[in-house]
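Inside the fold
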Amino acid sequence: MENYEYIKDKFDEVIETLKNSYNYQKYLELKKEMLANDKINKLINEIKTIQKDLVKKEYNKLDFSYEETEINKRLEILDSIPLYVEYNKYQSLVNEELTLIKDKINNYIDNI
């Protein structure tokens, strides 16, 4: 049980380090800004709605090229918004850090 507590404490330290990292803090800040941005939210919601239509058409073996075009148009607009681009950048950086941590833990466990 002592070993479990030690591992848990070390894991908690890793999580705290990640939470306090610049990349994670920047990600949270940008996420908050994005959630307050009506233009970005409108585009994202439109994409989600169109994606649902696309999936239905694809399932029913219908042509969904119009939906693909409409999604791509909106994605291009999103990719032209600096806040959205920066948010995606930091989201990717945080995801990479999480993947590295996960891989390190898996590697450790595999070598026990």
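Everything below is about the structure printed above this text.
In what follows, the accompanying structure is described. Bear in mind that the values here come from a model prediction, so they are computed numbers and not experimental data.

Running from N to C, helix α1 (residues 2–20) and helix α2 (residues 22–35) point in directions that differ by 55°, and their axes come no closer than 4 Å. In this view, α1 runs oblique relative to α2, as classed from their interaxial angle. Packed against α1, whose contacting residues are Leu18, Lys19 and Asn20, the element α2 presents Tyr22, Tyr24 and Gln25 at the interface. Tallied by class, the residues present in the contact of α1 with α2 amount to three nonpolar, two polar and one charged.

Now for the packing of α1 against helix α5 (residues 82–110). Between α1 and α5, whose axes approach to 11 Å, the crossing angle comes to 165°. When the axes of α1 and α5 are compared, the pair comes out roughly antiparallel. In this structure, the crossing between α1 and α5 has a hand that is right-handed. Listed contacts from α5 to Phe11, Val14 and Leu18 of α1 are Glu97, Leu98, Ile101 and Ile105.

The subject of this paragraph is the nonpolar core. Core analysis: the biggest nonpolar cluster contains 16 residues, and Met34, Ile40, Leu78, Ile81, Leu83 and Tyr84 have the highest contact counts within it. If you list the elements that add at least two residues to this core, you get α2, α3 (38–59), α4 (65–78) and α5. The residues touching Met34, leaving out its near neighbours within four places in the chain, are Ile40, Asn41, Ile44, Leu83, Tyr84 and Tyr87.

Right, let's talk about the pattern of salt bridges for a bit. On inspection of all chains with the given rule, the structure shows 10 salt bridges. Linking Glu13 and Lys10 is a salt bridge whose minimum nitrogen-to-oxygen distance equals 3.8 Å. You can see Glu13 and its partner Lys10 sitting in helix α1, three residues apart, about one turn around the helix. Sharing partners across several salt bridges, the network here consists of Lys42, Glu46, Glu70, Lys73 and Arg74.

Next up on the list: the side chain of Glu70. Mapped onto the secondary structure, Glu70 falls in helix α4. Of note is the side chain of Glu70, whose polar atom sits 3.1 Å from the side chain of Lys73.

Moving on: the packing of aromatic side chains. This model, assessed by the stated rule, comprises three aromatic pairs. The interplanar angle of 70° and the centroid separation of 6.2 Å between the aromatic rings of Tyr22 and Tyr90 together place this pair among those described as edge-to-face. One end of the pair, Tyr22, is in helix α2; the other, Tyr90, is in helix α5, with 68 residues separating them in the sequence. Summarising the aromatic geometry, the rings of Tyr24 and Tyr27 are spaced 6.1 Å apart at their centres and angled 35° between planes, so their arrangement reads as tilted. One end of the pair is Tyr24 and the other is Tyr27, both in helix α2 and three residues apart, which spans about a single turn. Clustering of aromatic rings is evident, with ring pairs tying together Tyr24, Tyr27 and Tyr87.

So, how was this worked out
- Residues numbered from 1 in each chain as written.
- Predicted model: local features only at pLDDT ≥ 70, side-chain atom pairs only at ≥ 80, totals over all residues.
- Heavy atoms only, no water.
- Axes fitted to C-alpha atoms, helices over the stretch in contact; angles between N-to-C directions.
- Helix = DSSP H or I, 4+ residues; strand = E, 2+ residues; numbered from the N terminus.
- Parallel < 35°, antiparallel > 145°, perpendicular 65-115°, else oblique.
- Contact = heavy atoms within 4.5 Å.
- Nonpolar A, V, L, I, M, F, W, Y, C, P; charged D, E, K, R; others polar.
- Left-handed = near helix turned anticlockwise from the far one by under 90°.
- Core = buried A, V, L, I, M, F, W, Y, C linked by side-chain atoms within 4.5 Å.
- Buried < 20%, exposed > 50% of the residue type's maximum accessible area, 1.4 Å probe, protein only.
- Salt bridge = Lys/Arg side-chain N within 4 Å of Asp/Glu carboxyl O.
- Polar contact = N/O pair within 3.5 Å; in protein donor to acceptor, adjacent residues only side chain to side chain.
- Phe/Tyr/Trp six-rings, centres within 6.5 Å; stacked < 30°, edge-to-face > 60°.

Remember that the coordinates give geometry; whether it matters functionally is a separate question.
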